[in-house]
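A look at the structure
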Amino acid sequence: MFQELFNEIKAHQTIIIHRHKNPDGDALGSQIGLKCILQENFPEKTVYVVGDSAGHYSFMDGSTMDEIPDETYADALAIVLDTSARHLISDERYTSAKRTARMDHHIFVEKICDTEVTDTSYESCCGLVTEFALQTGLKLSPVSAKALYTGMVTDSGRFRYDSTSAQTFRLASALMEQKFDTNDIYRNLYADDFAKIRLKAQFVLKIRFTDCNVAYIYTTKEELSELSVDTFTVSRGMVGTMADIKGVDIWVNFTETEQGVLCELRSSKYNINPIAVKYGGGGHAKASGACVANKKIAMQMLSDLDALTK
């Protein structure tokens, strides 16, 4: 599965690593982890990571993106990580690279690159990158292992989601053979200051339910501007406030932005991915996302989620 990608990496002197917009821990962890692996094993190569700001995950070592001119792509290999559809890729210049490759664990939506390595059996793209390193004989280091482990933890929900498997623990075990502080990861990921705890309380009070018991939160642009927090904290950060409500099998967080309404869809029982794809998004069977033009369309999506429970 990995040989063609490995050959492409060996054939290029310059490698530029992309991932999806508004990165989560898996997107950044796989990006940083792969960069470190390539630098450690191919010190003669030049490796860059590009994309928008790390936001909530800026605590991760190596999360500051490189700024490179357009001409860097001329003879480069661009690798896209953790992305199911081309419109989700951060920094569209990947198309100008000499060759392109993708590694992804999401449900397949479309062919993006010249070389494709996609496998939904991995709970995270970080898991897939770890497997790539192990199978091709590339050595890991504490820095690369810590980044990959961080992404594995976030995309598996601290190993709680049903995407977690024996394979997950095998790869996590391989990473933990390197020396890094897991407590440092968990402190940054899950320790909240009092302001964040109050924010979560506000969002709990915003939870509403459809007739079919689909839980949802809708945040307007005006409400978002009054909160004085970044969009990620509201959109991706608050969807989990609905995760453990008894009798709720589907929940969705809608957040209005200047670009449209961000939709974070989650389920403990149903495959909600086709609905995300219908509205231009993608992801996993039980955790997907999309961005729609306005509230009317967002409510149509909510109706579709309602119908799914029937």
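Our structure is the block above this text.
The rules behind each value
- Residues numbered from 1 in each chain as written.
- Predicted model: local features only at pLDDT ≥ 70, side-chain atom pairs only at ≥ 80, totals over all residues.
- Heavy atoms only, no water.
- Helix = DSSP H or I, 4+ residues; strand = E, 2+ residues; numbered from the N terminus.
- Buried < 20%, exposed > 50% of the residue type's maximum accessible area, 1.4 Å probe, protein only.
- Core = buried A, V, L, I, M, F, W, Y, C linked by side-chain atoms within 4.5 Å.
- Contact = heavy atoms within 4.5 Å.
- Axes fitted to C-alpha atoms, helices over the stretch in contact; angles between N-to-C directions.
- Parallel < 35°, antiparallel > 145°, perpendicular 65-115°, else oblique.
- Left-handed = near helix turned anticlockwise from the far one by under 90°.
- Right-handed = clockwise from strand over helix to strand, strands pointing away.
- Polar contact = N/O pair within 3.5 Å; in protein donor to acceptor, adjacent residues only side chain to side chain.
- Pairing = 2+ DSSP bridges.

With respect to unusual backbone geometry
Both trends apply: most residues other than glycine have a negative phi, and most peptide bonds are in trans. A positive phi angle, near 65°, is found at Phe-159, a position not held by glycine. Its place among the elements puts Phe-159 in the loop between helix H4 (142–155) and helix H5 (166–175). With phi around 70°, Asn-213 is a residue other than glycine that occupies positive phi space. Structurally, the position occupied by Asn-213 is in the loop between strand S6 (208–209) and strand S7 (215–219). Using a relative accessible area of 31% as the deciding quantity, one classes Asn-213 as partly exposed.

Let's talk about the nonpolar core
As a rule of thumb, soluble globular proteins bury nonpolar side chains together. Grouped together as the largest cluster of nonpolar side chains are 47 residues, with contacts concentrated most on Ile-9, Ile-79, Met-103 and Phe-132. Other than its neighbours up to four places away in sequence, Ile-9 contacts Ile-15, Leu-38, Phe-42, Lys-45, Leu-77, Ile-79 and Phe-132. Tyr-218, Ile-250, Phe-254 and Ala-290 belong to the second largest nonpolar core, which has 20 residues in total.

What to know about the packing of helix H2 (residues 25–41) against H4
The geometry of H2 relative to H4 is characterised by a closest axis approach of 8 Å and an angle of 160° between their N-to-C directions. Taken together, H2 and H4 sit at an angle that is classed as roughly antiparallel. With respect to the hand of their crossing, H2 and H4 are arranged in left-handed fashion. On the side of H2, the interface is formed by Gly-25, Asp-26, Gly-29, Ser-30, Ile-32, Gly-33, Cys-36, Ile-37 and Glu-40, while H4 contributes Val-143, Ser-144, Ala-147, Leu-148, Gly-151, Thr-154 and Asp-155.

Quick look at the pairing of strand S2 (residues 46–49)
Burial along S2 is one-sided: the face carrying Val-47 and Val-49 is buried and the face carrying Thr-46 and Tyr-48 is not. Handedness of the crossover joining strand S1 (residues 14–18) and S2 through H2 is recorded here as right-handed.

A closer look at the environment of Asp-66
Within the element layout of this structure, Asp-66 appears in the loop between S2 and strand S3 (77–81). Given a relative accessible area of 24%, Asp-66 falls into the partly exposed group. Here Lys-35 takes part through its side chain, which lies 3.2 Å from a polar atom of the side chain of Asp-66.

Overview of the sheet that holds strand S4 (residues 99–104)
Pairing is parallel in the open sheet, where five strands are placed in the order S2-S1-S3-S4-S5. A strand with exactly one partner marks an edge of an open sheet, and here the two such strands are S2 and strand S5 (115–118). The sheet shows a mean angle of 15° between the axes of neighbouring strands, taken without regard to direction. The pairing of S1 with S2 spans four bridges and is classified as parallel. Paired with Ile-17 across the two strands is Val-49, which belongs to S2.

Things to note about the sheet that holds S7
In spatial order, the strands read S6-S7-S8-S9-S11-S10; together these six strands make up an open sheet with mixed pairing. Of all the strands in the sheet, just S6 and strand S10 (282–283) have a single pairing partner and so form its edges. Strand direction decides the pairing type here: S6 and S7, joined by two bridges, are antiparallel. Bridged to Phe-209 within S7 is Ala-215. Helix-sheet contacts for helix H9 (residues 231–238) involve S7, strand S8 (250–257) and strand S9 (260–267), and the interaxial angle to S8 is about 165°.

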